[in-house]
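What follows is the residue order along each chain.
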Amino acid sequence: MIEFNCLTLFPEMFSSFTGTSICKRAIEAGHVEISLIDFREYTTDKHRRVDDYPFGGGAGMLIGPQSVFDCMEAVKEKTAGKKVRTIYMSPSGKTLDSAMVRRLASYDAVNILCGHYEGVDQRIIDELIDEEVSIGDYVLTGGELPAMVLMDSVMRYVDGVLGNGESVVSESHGEGGLLEYPQYTRPADFRGLKVPEVLLSGHHAKILAWQRERAIEKTVRVRPDLIKKASLTKKERDYAESLLRKSENTEE
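Keep in mind it's a predicted model, so treat the numbers as computed, not measured. (Residues numbered from 1 in each chain as written. Predicted model: local features only at pLDDT ≥ 70, side-chain atom pairs only at ≥ 80, totals over all residues. Heavy atoms only, no water.)

If you tally the helices and strands in the protein chain, you get 9 helices and 9 strands. In terms of overall dimensions, the protein chain has C-alpha extents of about 70 × 50 × 40 Å along its principal axes. With 252 residues in all, the protein chain has 39% of them scored as buried. A total of about 14,700 Å² of accessible surface is found on the protein chain, and carbon and sulfur atoms cover 50% of it. Looking at the protein chain, you have 32 positive and 40 negative side-chain charges, and the mean spots of the two groups are 7 Å apart. (Helix = DSSP H or I, 4+ residues; strand = E, 2+ residues; numbered from the N terminus. Buried < 20%, exposed > 50% of the residue type's maximum accessible area, 1.4 Å probe, protein only. Areas by Shrake-Rupley, 256 points an atom, 1.4 Å probe, with all protein chains shown as cover. Lys, Arg positive; Asp, Glu negative; His and termini not counted. Charge placed at Lys NZ, Arg CZ, Asp CG, Glu CD.)

Structure follows, in structure tokens:
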């Protein structure tokens, strides 16, 4: 079971995420708990403001420290005694990847601060945040969408969330570091487009070998940067390197 405490100014943005599909079933089954906490409720400003102009000038407004500090103190009381990681969703953070996802899934609770406007006061990051996390090299209006991406990816590694325990291991960016091989379903012949014969053979070893080879080919074609870190046998690595050389010669 994992607990997510999401500090946000817009908790309503999460209603579709928490109320549908795998996330909804995981919550109902008790595998995941998601608390959406509006840190505006913790402001002491009489106008309920949580932002202010940055010292030194600059465009936009920053989220000030008071409401976030007070809110986070309440969250820390809620998670006392648990193994906790506190995240700030930020375009300046380390890019979310499968290794980070698996690491975060090992925690009892993950606290997520969703920024807005032009960011947050640096004292929030220095004193309250364990790590900044980005979902890509681009800027969004707020941290809510990235927070959903993080929660969705992490909960998939929590026991009981997925029906098939092999799903996370075998899918794209799985343990082997390769992209997922091509998959097919019925009919075996659709408008003359046929499923590879080996998949219809019933020969388990041949099917596994075919899937592995196709995964290597796809990774070389789409994400060659992943091949260097992938877990490959010598024969597989030789095959991957031959594909890489062929690709480089074709580009020339």
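Next up on the list: the sheet that holds strand S7 (residues 131-134). Strand pairing in a sheet takes place through backbone hydrogen bonds and is either antiparallel or parallel in direction. Read from one edge of the open sheet, 5 strands run S2-S1-S6-S5-S7, paired in parallel fashion. Two strands in the sheet have a free side with no partner beyond their single neighbour: strand S2 (32-38) and S7. Each strand of the sheet is rotated relative to its neighbour by a mean of 30°, with strand direction disregarded. With 6 bridges joining them, strand S5 (residues 84-95) and strand S6 (residues 109-114) adopt parallel strand pairing. From the neighbouring strand, Tyr88 faces S6, where its bridge partner is Leu113. The strands touched by helix H6 (residues 144-155) are strand S1 (2-8), S2, S5, S6 and S7; relative to S1, the strand with the most contacts, the crossing angle is about 180°. (Pairing = 2+ DSSP bridges. Axes fitted to C-alpha atoms, helices over the stretch in contact; angles between N-to-C directions. Contact = heavy atoms within 4.5 Å.)

Another aspect to go through is a nonpolar patch on the surface. On the surface, a nonpolar cluster with roughly 370 Å² of combined accessible area is contributed by Met13, Tyr138, Leu140 and Leu145. By relative accessible area, Tyr138 is classed as partly exposed at 44%. (Patch = residues over 30% accessible without salt bridge, like charges linked within 9 Å, V, L, I, M, F, W, Y side chains within 5 Å. Salt bridge = Lys/Arg side-chain N within 4 Å of Asp/Glu carboxyl O.)

Considering all chains together, one arrives at 14 salt bridges under this definition. Between Arg48 and Glu41 there is a salt bridge, and its shortest N-O distance comes to 3.3 Å. When its relative accessible area of 38% is taken as the criterion, Arg48 is described as partly exposed. A salt bridge links Arg214 to Glu213; its shortest N-O distance comes to 2.4 Å.

Moving on to the packing of helix H8 (residues 204-222) against helix H9 (residues 234-251). A pair of packed helices is captured by two measures, namely the crossing angle of their axes and the spacing between those axes. At a minimum axis separation of 10 Å, H8 and H9 run at an interaxial angle of 35°. Both H8 and H9 take part in a crossing whose hand is right-handed. When H8 is examined against H9, the residues Arg212, Glu213, Arg214, Ile216, Glu217 and Val220 are found in contact with a partner set consisting of Glu236, Tyr239, Ala240, Leu243 and Leu244. In terms of residue class, the contact of H8 with H9 is built from 6 nonpolar, no polar and 5 charged. (Left-handed = near helix turned anticlockwise from the far one by under 90°. Nonpolar A, V, L, I, M, F, W, Y, C, P; charged D, E, K, R; others polar.)

Turning our eyes to something else, we now look at H9. Taking 1.5 Å of rise per residue, 18 residues should cover 26 Å, and H9 covers 26 Å from first to last C-alpha, within 8% of that figure. What H9 keeps buried is the set Glu236, Ala240 and Leu243. Down the axis of H9, the sector holding all buried residues measures 60°, keeping them to one side. Counted as exposed and oriented over 90 degrees from the buried face of H9: Lys234, Lys235 and Asn249. In this structure, the buried residues of H9 make contact with H8. (Expected span 1.5 Å × (residues − 1). Arc of directions from axis to C-beta.)

Let us now look at the layout of surface pockets. By volume, the second largest pocket amounts to about 410 Å³. In this structure, the second largest pocket is lined by 25 residues; those nearest its centre are Tyr88, Met89, Ser90, Pro91 and Val139. By residue number, the principal contributor to the lining of the second largest pocket is S5, which donates 5 residues. Looking at the lining of the second largest pocket, its residues break down into 12 nonpolar, 11 polar and 2 charged. (1 Å grid on protein atoms, 1.4 Å probe; cavity = no way out; pocket = protein on both sides within 12 Å on 5 of 7 lines; lining within 4 Å. Points joined across faces, edges and corners; volume = space filled by probe spheres on them.)

When you line up the elements, Ser98 lands in helix H4 (residues 98-104). A relative accessible area of 23% places Ser98 in the partly exposed class.

Under the 1.5 Å per step criterion, the end-to-end length of H6 is 16 Å for 12 residues, consistent within 8% with the ideal 16 Å. Most of H6 sits inside the fold, with 9 of its 12 residues counted as buried. Listed as buried for H6 are Glu144, Pro146, Ala147, Met148, Leu150, Met151, Ser153, Val154 and Met155.

What is shown is where atoms sit, not what they do.
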